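Structural overview for review
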Amino acid sequence: MAEGQVNHLLIKLAQFVENEVWHLTGGQEEALSVRGELERVRAFLRVADSLEESDDEVKVWVKQLRNTAYEMEDALDEFSLILRHDHGVGFTGLISRMSCCIRNLKSRYRVTSEIKRIHSRVKAICEGHRRLHRKFSRAQQELGAYNSWQDHRGNSLLLDRTDLVGIEQPKNELVVRLLDDALRREVISVVGMGGLGKTTLVKQVYDDPAVKKHFTVYAWITLSRAVKSEELLKDMLNQIMRVIRKPVPPGADTMNSHWLKMIIKDLLQRRRYLIILDDAWHINEWDAVKHALPNNSHGSRVIITTRNADLASTSCKEFTGLVKNMEPLDPEQSWKLFCRKTFQGNSCPSHLEEICKFILRKCEGLPLAIVAISGVLAAKDKRRIDEWDVVRRSLRAEIDGNDRLKNLKRVLSLSFGDLPYYLKSCFLHLSVFPEGHLIERRRLIRLWVAEGFVERKEGKTLEEVAEDYFRELLNRSLIQVAEMTTDGRFTFCRIHDFQREIITSKSRDQSFATIAKEPTDMWPDKVRRLSLHNSLQAAQQNRSLSHLRSLYMFGVDRASIDIVLGSDIKLLNVLDLQATPLPRFPVQVVDWYYLTYLSFRHTEVKTIPASIGKLQNLETLDLKHTNVTRLPVEILKLQKLRHLLVYRYENISYLCHKYGFKALTEIGALQSLQKLCHIEADDERSHIIMRELGKLTQLSRLSILKLRKEDGRALCSSIAKLTNLRAISVASIEDDEILDLQHLTSPPQLLQRIYLKGRLEMLPNWLATLHSLVKLHLRWSRLKDDPLVSLQSLPNLVHLELLQVYEGKTLCFKAKGFRKLRILGLDNFDELRSVEVEEGAMPCLEKLIIQRCKLLEKLPSGIEYLTKLKVLEFFDMPDELVKKFVQDEHDKDYQKVALIPEVYYGYWRDGGWDVQSIERSSEGDASPRQGTSMRSSQFPPCWK
C-alpha cells in the first residue's frame, strides 16, 4: 500500500519546492527529480497495491517505494527543522547562532547527501516500474486477483442443510416476503460484512420449492468486478431462456448491453420473475442490470446480497423494497455450530470448554470464522489441552499461516482490497487501538486529519471529509456502530476481532504501524507508528524512535512513558496519551515542532507551560478530564489550532458539575478553531471575550460557562456571525442568573444542538425558527409561559429535555405537535400536576422520562396515544403515583403501563439509585409484574 504514502510525500514536496527548496544548496535538482519520478509512477500504484498480496516481485517493489517515500519525508522535515532552529535573542542568542552555524552547515550537508542518495534509489525503483509495466497493464485489464475468489464463493451454494445453524428464521421471513400478495416489483437487499452467510441464506431461499413454484422465471447472477456488464446480461439471458425452455435469440453473443437489456426486459415483462444478484460491491453493478428488470405488476422480486449499505439502501429506494441487515449468530447458535463442526456433533469435552469458549468469543457470531476455526481445532488431539491452548494464544499467527484459515482471511481481506488508498490508511489505523476497545468517533476523525490521511475537498473542512470516510467504512460493513446518541450520531465504533487480527498483520507487513502488545515485543529501527499496549522492559530503553511519527499508549506504567518520551522523537506528529498515568505536562513535548495532535485526556496534568506556543503546527489540544483550569496566553500563537478541549465533569447526585478554563481576552486570534469547550466567562473583561468569539467564524461547537446577564447582548452579536455553528452550550454563572439571549435576531441556521442552563425571562423567539434543530436541553429556565407552544412546530426536533423549565400546573402536548420527537425528559417541575397528550401529538415518541415532579397526580392523560412508546421511566416520584401503576390492578394507569414494553422506577437513597423494572407478562395481557432490581450511583441510571 504505497499510494497513500506517495501522495502524502508529493504534497509535502510541492510545499517544499514552493517555500524551501532554494535553501537546499546542491540538492535542488535531485528534489525536483524525485517529485517528477514519483508523479510518473503514481498512476500505477493503485494496480500495484492490488497485486501486492499475490505477486512477490510487485510486493518487493511496493515495499521499496513505500520505504523510500518515508525516508524522503524524513529528510525534508529534518531540513525544515534546521531552517527553523530558534537561537534566542541578545548576546546569548548571538553566541548560539555562531556555534550553531557550523552545526547547521554539517546538518545541511548531511541532509543534502541523503536527498541525493534517495534520488538515486527512486530512479532505480522507477526503473523497476518499467520492468513491471507489462504486468501492471495486464492487471488493469483483468483484475485477476478477484477470479480465484469466485471458485470459493461456489462453496456457499453447495452447503448441505445439516451444515446450517440459525438460518431457519431469517429464511422463513424472506420466503414469506417473496410469496406475499403484493403485485408491485420489490427489491430485498441482504447486507452485512463478509462471512455472515448472506449468500448461504439467499441460496436456501432460492432453492425453496414453494419459491420455485411461485415464480415462472428465476435466475441467479453472481456479480464480479472482473466481469463486464455484457457478460452479466448474457448470463442472465441464458438462464431465463433455460427456465422458459426456449433457444437463446440469434446473435445474442455479439449484442451490446443496450440490446441485451431490451431483450431481457421484453421476456420478463409478462412474467413473475425472481432475480438474485449475489455479491454486489458497487452501485455501477446494480446500474448495469436494473433497467432490464421491468416493473410489471406481477409480484416480481429481486434479491441483492452485498457488503455495501449504500448500495442496499439505494436499490431499495429506486425499486420499492426492504433492507435486511444480516445479524451474527447468537451465543447459543454459535456454540451449536462450533460443536457440530469441531466435535462432529458431539458435546465439547469439559477440559476443553474454557479454551473453546474463549476462541468462540473471538468469532463474534461470524459463521465463516466459526467454521474455519473449527476446521483447525478438529484436527487437534482432544487429549492434548496444550495444543488447543496454542491456538487460543496465537490466533493471528494461525490466520496468517494455517491453510485451513486461508478462505477466512481471503473473505475478510477482500473488503480491504476493494478500498481506495485513502480508506486503506484509515482502516489500517484502527489497528493501533487495543482488542475490544471502543473507539470514539470524534477522536478518530481528529486523528485521521492529524495523521494526514484526509484529502482536501472544495467546500468541506478536513473533518467533514473524514466524516465521509467514516461513513463509507461503515457502509462497507468494515466497522460496526457500538454506541449512538439520542439524535442519531455515532459516538463509538468497533471492529470484529478477526478483522482486527488481519489489519494488524497488514499494518506490520506494510510498515504502517507496530503494535507492541507484550512487554517483550520489539519494534523495527525505523518504526513510524507505535502503539504500546503494555509496559516496557528495560531491554527496550535503547530502541531507536528517531523516525517515529505517531505514538499511542494504552495500559502502560509511568516508567514506560518516561522511557519513550525521553527518546529522540523530534519528528513526531501525533502524541496520544489518553488515560495514561501521566502526572504532569512533559516539558520536552514543546520541542517537537511537527506535533499536530496532543492528547492528555484523563490524565493528572494540571498546568500547561508558556512554551507550548512553540508548537506552531498543533491542530488538536485535548485536555478533557484533566485538572487544567488555565491556559497561558502563548496558546494564542497556535494559529493552526482547530480543536481546543479543556473541561471535566463531576456527577454528584442529580447534578452534573462542569468545569472549563478561564477564557483568554484575545481568544479571537485563534481563527482556525472549530471546537471550543468550555470557556469560563466570569471575568471583568468578559464583555470583550464575548465580542472576540465573533471572530471565530470556523466554529462548529462552542460551550460557555458562567455567563453573566450583562454579557448576553455581546454573545448574541457574536453568535450571529458564527454561520458554521452546529452545537452551542451556554450556562449562567448562577442558576438564578438570567440568560439574556433575546437579542439574537439572525441565529445560525445550521444549529442542531442547543443546551441552555439558567433563568430565562422568556423563551428566545429565535429558537422556534431553527429548522435544523434536533436536540434541545433547557435547565432552570423557570418560565411563566408554556414553552411547548413555541417548540411544538420544530420540524426536526428528536430529543427534548426540560428541567425546571415551567412554573405552570399543566403541560399540554397538542395534536400534530412534535412530529419527530423520540425522547422527552421532564424533570423537577415544582408546580406540575398534570400532563396532557392529545391524540396525534408526538407520534414517534419512543422514550418518556419523568422525575422529581412531586405534585404530579397521575400518568400523562392520553399516554395510550403514544403507540411507539417503548420505555417509560419514573424517578423520585410520589409513592402514591407509583403504587397505582405497580400494584393497583383496577387503576387505569396500571392498565396503560402494561402496554409499554419497558418501565423503570426508582429513588435516590444513600448516595445511589435503587431502580426497579416492571416486566410485561409473557401472555402480553395487562399484567405488569416486578422485574429486575439494580443499584446505580450514576445519574440518571437508565437515561441514555
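An unreviewed UniProt entry lists the protein under the name Disease resistance protein RPM1-like, with Rhodamnia argentea as the source organism.

In this section: empty space enclosed by the protein. Per the stated rule, a full pass over the model turns up six cavities of 30 Å³ or more. If you add up the space inside the largest cavity, you get close to 70 Å³. Taken together, Trp281, His282, Arg307, Asn308, Ser415, Asp418, Leu419, Arg476 and Leu478 form the lining of the largest cavity. Residue composition of the lining of the largest cavity, grouped by class: three nonpolar, three polar and three charged.

A few words now on the packing of aromatic side chains. Taken as a whole and judged by the stated rule, the model has 16 aromatic pairs. Summarising the aromatic geometry, the rings of Phe585 and Phe600 are spaced 5.3 Å apart at their centres and angled 90° between planes, so their arrangement reads as edge-to-face. With a gap of 15 residues between them, Phe585 in the loop between β12 (574-576) and β13 (597-599) and Phe600 in the loop between β13 and β14 (620-622) connect regions that are remote in the sequence. Considered together, Phe585 and Phe600 belong to a single accessibility category, that of buried residues. Put simply, the rings of Trp335, Phe338, Phe343 and Trp388 pair up and form one aromatic cluster. The ring of Tyr218 has Lys212 lying over it, and the distance from NZ or CZ to the ring centre is 5.0 Å. A cation over an aromatic ring shows up here: Arg392 above the ring of Phe358, its NZ or CZ 5.4 Å from the ring centre.

Summarising burial for strand β24 (residues 799-803): five of the five residues are buried, a large majority. Along β24, one buried face is formed by His799, Glu801 and Leu803 and the opposite face, lined by Leu800 and Leu802, is buried too. Bridge count between strand β23 (residues 775-779) and β24: five bridges; the pairing is parallel. Opposite Leu778, over in β24, you have Leu802 as the bridge partner.

Here three strands make up an open sheet; going across it, the order is β6-β8-β7 and the pairing antiparallel. Both edges of this open sheet fall to β6 (439-440) and β7 (480-484), since each of them pairs with a single strand only.

Next up on the list: unusual backbone geometry. The general pattern is negative phi for most residues beyond glycine and trans for most peptide bonds. Along the chain, Cys677 connects to His678 via a cis peptide bond; the corresponding omega equals -20°. Take His678: it is sitting in strand β19 (residues 675-680). Unusually for a residue other than glycine, Glu364 sits at a positive phi of about 50°. Within the fold, Glu364 resides in the loop between α14 (353-363) and α15 (367-378). Of note in the backbone geometry, Phe818 takes a positive phi value of approximately 55° without being a glycine. Summarising the element assignment, Phe818 is placed in the loop between β25 (810-813) and β26 (823-827).

On to the environment of Met690. Summarising the element assignment, Met690 is placed in helix α24 (residues 686-692). For the pair Met690 and Leu707, spaced 17 residues apart in sequence, the C-alpha to C-alpha distance is 9.5 Å. With residues near it in sequence (within four places) discarded, Met690 still touches Ile679, Ala681, Ile704, Leu707, Asp711, Ala714, Leu715 and Ser718.

On to the sheet that holds strand β5 (residues 321-325), then. Within the open sheet, the five strands sit side by side as β2-β3-β4-β1-β5. Their pairing is parallel. With partners counted over all chains shown, the strands left at the sheet margins are β2 (217-222) and β5, one partner each. Along the sheet, successive strands turn relative to each other by an average axial angle of 10°, direction set aside. The pairing of strand β1 (residues 186-191) with strand β4 (residues 301-306) spans six bridges and is classified as parallel. Residue Val191 lies in a different strand from β4, and its bridge partner there is Thr306. Each of β1, β3 (273-280) and β4 touches helix α11 (residues 283-290); the most contacted strand, β3, lies at about 160° to it.

Turning our eyes to something else, we now look at the pairing of strand β10 (residues 529-532). It is a general feature of regular strands that their side chains alternate between the two faces of the sheet. Side chains Arg529 and Ser531 of β10 all project onto a buried face; the interleaved residues Leu530 and Leu532 project onto the opposite face, where all are buried too. Bridge count between strand β9 (residues 514-516) and β10: three bridges; the pairing is parallel. Bridging across to β10, Ile515 finds its partner in Ser531. Looking at chain direction, β10 and strand β11 (residues 550-553) are connected through four bridges and run parallel. Bridge pairing in β11 links Arg529 to Ser550.

Another aspect to go through is helix α21 (residues 462-475). The terminal C-alpha atoms of α21, which comprises 14 residues, lie 20 Å apart, in line with the 20 Å expected from a rise of 1.5 Å per residue. Most of α21 sits out of view: 10 of its 14 residues are buried. The complete set of buried residues in α21 reads Leu462, Glu463, Val465, Ala466, Glu467, Tyr469, Phe470, Leu473, Leu474 and Asn475. Against α12 (309-318), α19 (421-429), α20 (441-451), β7, β8 (490-494) and β15 (643-645) lie the buried residues of α21. Backbone geometry just after α21 places Ser477 at a positive phi near 65°.

This brings us to the pattern of salt bridges. For the coordinates displayed, the defined rule picks out 58 salt bridges. A salt bridge links Arg184 to Glu186, with the nearest nitrogen and oxygen atoms 2.8 Å apart. The class of Arg184 is partly exposed, set by a relative accessible area of 42%. The exposure class assigned to Glu186 is buried, which follows from its relative accessible area of 0%. The partner of Asp386 in a salt bridge is Arg384, and the shortest N-O contact between them spans 2.7 Å.

Moving on: the packing of α19 against α21. Contact geometry of α19 with α21 gives a least axis separation of 10 Å together with a crossing angle of 80°. On the basis of their axis angle, the class for α19 and α21 is roughly perpendicular. Along the contact surface, α19 presents Tyr422, Leu423, Cys426 and Phe427, while α21 presents Tyr469, Glu472 and Leu473. Residue composition of the contact of α19 with α21, grouped by class: six nonpolar, no polar and one charged.

In this section: the confidence of the model for the protein. Confidence along the protein averages 85 in pLDDT terms, with 85% of residues attaining 70 or more. Confidence over residues 94-99 falls short of pLDDT 50; this stretch has three contacts with residues more than four positions distant or in other chains. In this model, residues 922-929 is a region of pLDDT below 50 whose contacts with residues beyond four sequence positions or in other chains number 19 contacts.

One can describe the packing of α14 onto α15 by two numbers: an axis separation of 9 Å at closest approach and a directional angle of 145°. Viewed along their axes, α14 and α15 form a crossing whose handedness is right-handed. Two secondary-structure elements touch here, α14 through Ile359, Leu360 and Cys363 and α15 through Ala369, Ile370, Ile373 and Leu377. Here the contact of α14 with α15 is composed, by residue class, of seven nonpolar, no polar and no charged.

Reading guide: rules and limits
Here, residues in each chain are numbered from 1, in the same order as that chain's written sequence. Thresholds applied to this predicted model are a pLDDT of at least 70 for local features of residues and 80 or more for the giving and counting of side-chain atom pairs; totals over whole chains, interfaces and linings are not thresholded and use all residues. Side-chain metrics rest on all non-hydrogen atoms present in the structure, leaving aside hydrogens and water. Each cavity reported here is a set of points on a 1 Å grid over the protein atoms alone in which a 1.4 Å probe fits but cannot get out, each pocket an open set with protein on both sides within 12 Å along at least five of seven lines, and each lining residue one with an atom within 4 Å of a point. Grid points are joined across faces, edges and corners, and a volume is the space filled by probe spheres set on the points. Put simply, Ala, Val, Leu, Ile, Met, Phe, Trp, Tyr, Cys and Pro go in the nonpolar bin, Asp, Glu, Lys and Arg in the charged bin, and everything else, Gly too, in the polar bin. Ring geometry is summarised as follows: Phe, Tyr and Trp rings, the Trp one being its six-membered ring, pair when their centres sit within 6.5 Å, and such pairs are stacked at plane angles under 30 degrees, edge-to-face over 60 and tilted between the two. Secondary structure elements follow DSSP: runs of H or I of four or more residues count as helices, runs of E of two or more count as strands, with numbering from the N terminus. For every residue, the accessible area (1.4 Å probe, protein chains only) is compared with the maximum for its type, and the residue is labelled buried under 20%, exposed over 50%, or partly exposed between those bounds. Our definition puts a charge over a ring when NZ of Lys or CZ of Arg is within 6 Å of the ring centre and also within 35 degrees of the ring normal. One requirement defines pairing of two strands: DSSP has to find at least two bridges between them. In this description, contact between two residues means that some pair of their heavy atoms is separated by no more than 4.5 Å. The axes used here are C-alpha line fits, helices contributing only the stretch in contact, and every angle between their N-to-C directions lies in the interval 0 to 180 degrees. Take the number of residues in a helix, subtract one, and multiply by 1.5 Å to get its expected span. The term salt bridge refers to a pairing of a side-chain nitrogen on Lys or Arg with a carboxyl oxygen on Asp or Glu at a separation within 4 Å. Any angle between 65 and 115 degrees counts as roughly perpendicular, while under 35 counts as roughly parallel, over 145 as roughly antiparallel, and the rest as oblique. What pLDDT reports is the predictor's confidence in each residue, on a scale of 0 through 100. If you view the pair so one helix is near and one far, a crossing is left-handed when the near helix is turned anticlockwise from the far one by less than a right angle, and right-handed when it is turned clockwise.

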